[in-house]
Amino acid sequence: QVQLVESGGGLVQAGDSLRLSCAATGSAFSSSPAGWFRQVSGKEREYVGSIDWSGGATYYSNAVKGRFTITRENSESMLYLQMNNLKPEDTAVYYCAAKSSGTFLSMQSDAYDYWGQGTQVTVSS
């Protein structure tokens, strides 16, 4: 079992940077592929990016590629999302997620077994 808790959301202006953190509990996290999703009210949850268990490989959606970076520190059971050059369309609730097995190249939310509660990111223009 893995439990996830996000933090670091807030209100920023367009062009600003923000780093989200996701604290994990449970020994399985260090061997789990993980990812970030976001959701706007009334819309489906959207894939942001994901990282393999070691942190050596990442993949991003076209919407955030080149602006967002996912990293992890398994020794501290932490997952991070560094967001640079934020845009108003990045406004959403951001969720971290982890998988119990399989590839990290999973862009479907139902492929992930563990979820955090979400943290709101609001980008003003």
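Now for a quick tour of the structure. (Residues numbered from 1 in each chain as written. Predicted model: local features only at pLDDT ≥ 70, side-chain atom pairs only at ≥ 80, totals over all residues. Heavy atoms only, no water.)

### Some points on the overall build of the protein chain
- The number of helices and strands found in the protein chain is zero helices and 11 strands.
- For the protein chain, the succession of helices and strands along the chain, N to C, is β-β-β-β-β-β-β-β-β-β-β.
- The C-alpha radius of gyration computed for the protein chain amounts to 13 Å, which stays within 12% of the reference 14 Å derived for 125 residues, consistent with globular compactness.
- Along the longest, intermediate and shortest principal axes, the C-alpha atoms of the protein chain span 40 × 25 × 25 Å.
- Counting the 125 residues in the protein chain, one finds 42% classified as buried.
- Counting contacts in the protein chain only where the partners sit at least 6 residues apart, residues at least 24 apart contribute 57% of the total. (Helix = DSSP H or I, 4+ residues; strand = E, 2+ residues; numbered from the N terminus. Rg over C-alpha atoms; globule rule 2.2 N^0.38 Å. Buried < 20%, exposed > 50% of the residue type's maximum accessible area, 1.4 Å probe, protein only. Contact = heavy atoms within 4.5 Å.)

### A word on the packing of aromatic side chains
- The final tally for this structure, using the stated rule, is five aromatic pairs.
- With a centroid separation of 5.7 Å and 75° between ring planes, the pair formed by Phe 37 and Tyr 47 is classed as edge-to-face. Of this pair, Phe 37 sits in strand E4 (residues 34–39) while Tyr 47 sits in strand E5 (residues 46–51), and the two are 10 residues apart along the sequence. Just as Phe 37 is buried, Tyr 47 falls in that class too.
- An aromatic cluster is defined as three or more aromatic residues linked by ring pairs; in this entry it consists of Phe 37, Tyr 47, Tyr 95, Tyr 112 and Trp 115.
- The ring of Tyr 59 carries the charged tip of Lys 65 above its face, separated from the ring centre by 5.8 Å.
- Note that Lys 99 overlies the ring of Tyr 112, its terminal NZ or CZ placed 5.9 Å from the centroid. (Phe/Tyr/Trp six-rings, centres within 6.5 Å; stacked < 30°, edge-to-face > 60°. Lys NZ or Arg CZ within 6 Å of the ring centre and 35° of its normal.)

### Concerning the state of the cysteines
- Taken as a whole and judged by the stated rule, the model has one disulfide.
- Bridging Cys 22 to Cys 96, the disulfide has an S-S length of 2.1 Å. Looking down the S-S bond of the Cys 22 and Cys 96 bridge, the torsion is 60°, so its handedness is right-handed. Here Cys 22, found in strand E3 (residues 18–25), pairs with Cys 96, found in strand E9 (residues 92–98); they are 74 residues apart in sequence, far enough to count as distant.
- Of the residues examined, Cys 22 reaches a relative accessible area of 0% and is grouped as buried.
- Note on Cys 96: relative accessible area 0%, which makes it buried. (Disulfide = S-S within 2.5 Å.)

### Observations regarding the environment of Glu 76
- Here Glu 76 is to be found in the loop between strand E7 (68–73) and strand E8 (78–83).
- Judged by its relative accessible area of 52%, Glu 76 falls in the exposed class.
- Placed 30 residues apart in sequence, Glu 76 and Ser 106 show a C-alpha to C-alpha distance of 24 Å.

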